[in-house]
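Analysis of the macromolecular model
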Amino acid sequence: MTKSIITKEILKTRRAFWCSIVLTMFFTAYALLGINRVITTHGVEHIWLIMLMKDQTFIDAIKYVPLLCGLLVGLTQMMPEMQQNRLKLTLHLPCPSLRLLVTMLLTGFAELTVVFLLQFVAIWIFYDRIIAPEMTWHVLLTSLPWYLAGYTAYFFSTAVCLEGKWKRRILLALIGAGVITLYYLQPAPGAYNGFLPVALIVTLILAVLSYGSIVRFKQGLID
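Residues numbered from 1 in each chain as written. Predicted model: local features only at pLDDT ≥ 70, side-chain atom pairs only at ≥ 80, totals over all residues. Heavy atoms only, no water.

Some details on the overall build of the chain
Quick note on the threshold: Elements are defined by DSSP. Helices are runs of H or I of four residues or more, strands are runs of E of two residues or more, and each kind is numbered from the N terminus. Summary of the burial criterion: residues with accessible area below 20% of their type's maximum are buried, those above 50% are exposed, and those between are partly exposed, where the area comes from a 1.4 Å probe applied to protein chains only. When checking whether two residues touch, look at their non-hydrogen atoms; a contact exists if any pair is within 4.5 Å. The accessible surface values rely on the Shrake-Rupley method and a 1.4 Å probe; as for residues, cover is taken only from the protein chains in view. Neither His nor the chain ends is counted toward charge; the positive residues are Lys and Arg and the negative residues Asp and Glu. Working definition for charges: the position is that of NZ of Lys, CZ of Arg, CG of Asp or CD of Glu.
On a plain count of helices and strands, the chain comes out with 9 helices and 0 strands. Within the chain, the proportion of its 223 residues that are buried is 46%. Counted over contacts in the chain with a minimum sequence separation of 6, partners at least 24 positions apart contribute 84%. Of the roughly 11,800 Å² of accessible surface on the chain, 71% is carried by carbon and sulfur atoms. A distance of 15 Å separates the average location of the 18 positive side-chain charges in the chain from that of its 10 negative side-chain charges.

A closer look at the nonpolar core
Here is the rule: The criterion is simple. A nonpolar core is a set of buried Ala, Val, Leu, Ile, Met, Phe, Trp, Tyr and Cys residues joined through side-chain atoms within 4.5 Å.
Ranked by internal contacts, the top residues of the largest apolar core, which has 53 residues, are I35 and Y127. Counting residues per element, the ones that place at least two in this core are helix 1 (2-42), helix 2 (44-53), helix 3 (65-83), helix 5 (97-128), helix 6 (133-162) and helix 8 (196-205). Ranked by residues supplied to this core, first place goes to helix 6 with 14 residues.

Side note on the pattern of salt bridges
Threshold: When a carboxyl oxygen of Asp or Glu is within 4 Å of a side-chain nitrogen of Lys or Arg, the pair counts as a salt bridge.
Evaluation of the coordinates by the stated rule reveals 3 salt bridges. Measuring nitrogen to oxygen at the nearest pair gives 2.8 Å for the salt bridge that ties E9 to K8. K8 gets classed as partly exposed once you look at its relative accessible area, which sits at 27%. The residue K12 makes a salt bridge to E9 at a minimum N-O spacing of 3.2 Å. Linking K12 with E9, this pair stays in helix 1, spanning 3 residues, or about one helical turn. Of the two residues, K12 and E9, neither departs from the other in class, the shared state being buried. Put simply, K8, E9 and K12 are held in one network by salt bridges that share partners.

As for unusual backbone geometry
Positive phi, normally seen in glycine, also occurs at F58, with a value near 70 degrees. One can find F58 in the loop between helix 2 and helix 3. The class of F58 is partly exposed, set by a relative accessible area of 25%.

A word on the packing of helix 3 against helix 6
Packed helices, taken two at a time, are described by their axes: the angle between them and the distance between them. Rule in force here: Only the stretch in contact is used when fitting a helix axis, every axis being a line fitted to C-alpha atoms; angles between N-to-C directions are given from 0 to 180 degrees. What sets the label is the angle itself: under 35 degrees gives roughly parallel, over 145 gives roughly antiparallel, 65 to 115 gives roughly perpendicular, and the rest give oblique. By convention the crossing between two helices is left-handed if the near helix lies anticlockwise of the far one by an angle smaller than a right angle, and right-handed if it lies clockwise. Three categories are distinguished: nonpolar for Ala, Val, Leu, Ile, Met, Phe, Trp, Tyr, Cys and Pro, charged for Asp, Glu, Lys and Arg, and polar for the others, with Gly belonging to the last.
As a packed pair, helix 3 and helix 6 sit with axes 7 Å apart at the nearest point and diverge in direction by 15 degrees. Put simply, helix 3 runs roughly parallel to helix 6. Crossing of helix 3 over helix 6 shows right-handed handedness. In contact with P66, L67, G70, L71, V73, G74, L75, Q77, M78, M79, E81 and M82 of helix 3, helix 6 contributes W146, Y147, A149, G150, A153, Y154, S157, T158, C161 and L162. In terms of residue class, the contact of helix 3 with helix 6 is made up of 15 nonpolar, 6 polar and 1 charged.

Section: the packing of aromatic side chains
Selection criterion: Only Phe, Tyr and Trp rings are paired, with Trp represented by its six-membered ring, and only when their centres lie within 6.5 Å; those with planes under 30 degrees apart are stacked, over 60 edge-to-face, the remainder tilted. Throughout this description, the term charge over a ring refers to an Arg CZ or Lys NZ atom that lies within 6 Å of the ring centre and within 35 degrees of the ring normal.
A full pass over the atoms with the stated rule returns 12 aromatic pairs. Cluster of aromatic residues (ring-pair linked, three or more members): F109, F116, F120, W124, W137, Y147, Y151, Y154 and F155. The ring of W166 carries the charged tip of R169 above its face, separated from the ring centre by 4.5 Å.

So, the confidence of the model for the chain
How we decide: One number per residue, pLDDT, summarises how confident the predictor is, and it ranges from 0 to 100.
Residues with a pLDDT of 70 or more make up 92% of the chain, whose mean pLDDT is 86. Here helix 4 (residues 86-91) stands out as the least confident element of the chain, with mean pLDDT 64; helix 7 (residues 166-182) is the most confident, with 92.

What to know about the side chain of T142
Threshold: Here a polar contact is taken to be a pair of N or O atoms separated by no more than 3.5 Å, where protein atoms must pair a possible hydrogen donor with a possible acceptor and residues adjacent in sequence count only if both atoms sit in side chains.
Within the secondary structure, T142 sits in helix 6. Exposure remark for T142: the relative accessible area of 2% places this residue in the buried category. At 2.7 Å, the side chain of T142 forms a polar contact with the backbone oxygen of H138.

Here we look at the environment of I130
Structurally, I130 is set in the loop between helix 5 and helix 6. Along the primary structure I130 and Y183 are separated by 53 residues, whereas in three dimensions their C-alpha atoms are 28 Å apart. Setting aside residues no more than four positions away along its own chain, I130 makes contact with I35, I39, V44 and W48.

As C-alpha cells, then:
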C-alpha cells in the first residue's frame, strides 16, 4: 500500500518536480555565471575583496527559488485532493490516516530535498574552486534559511489545501506568510547561523498542521 501511495504522489507531482529542477538550475546558473563574469573582468581577488570587505555572497538571485519550489510542489500535490474530491476516497484506503499523510508528505519532502541538494552542491563545487573553505561555508550557511523557507512553504501549502474551512485556510495562509517572512529578515549573510538548529526543528514540526487539517476534514468540518 505504501508503495502505491508513493507512486501516486510521484505521478501527481512529477511535472512540478521537473519544473522545480529547471527553475533551480536556471537561477543557479544565472548567479554563478554572474560571479564568473566578475572573475573574468576583475580577477578572483576582486571576489575575495568584496566578500571580505562588504560581506557579499553573490547568490541573492536564488533567494526566493526554494520558496517557489516549496509552494509549487505543495499545491500541485494537495490541490487535486480537494478540488477533485479525492481526499475522501484516499482516506478510505486500507491504511491509517496518519501513515497515509506521512507517506504523502515524505514524498514531497524528498522531492524538494533532491531539488535543494542539486543547487546546494552546485554552489558548493563552484565556490570551493575559487575561495577558501571557510568562505565557502559562509556562503552555504547563508543559503540554508532560504531552503528552510522552501520546506515551510511546502508544509503550510499542504495544510491550507487540505483544510476544509475557508476561514481556517485564510488564517493558515496568513500565518504561513508571517513565518516565511522571518527567514528573509537576516540583516547580513550568516546572521541566522546560531538559530538554524531551532529553525530546522520548528520547520519539521509544521508537518503536524496537515494532520490537523485532515482530522478536521474527517470530522466533517467542510464549507
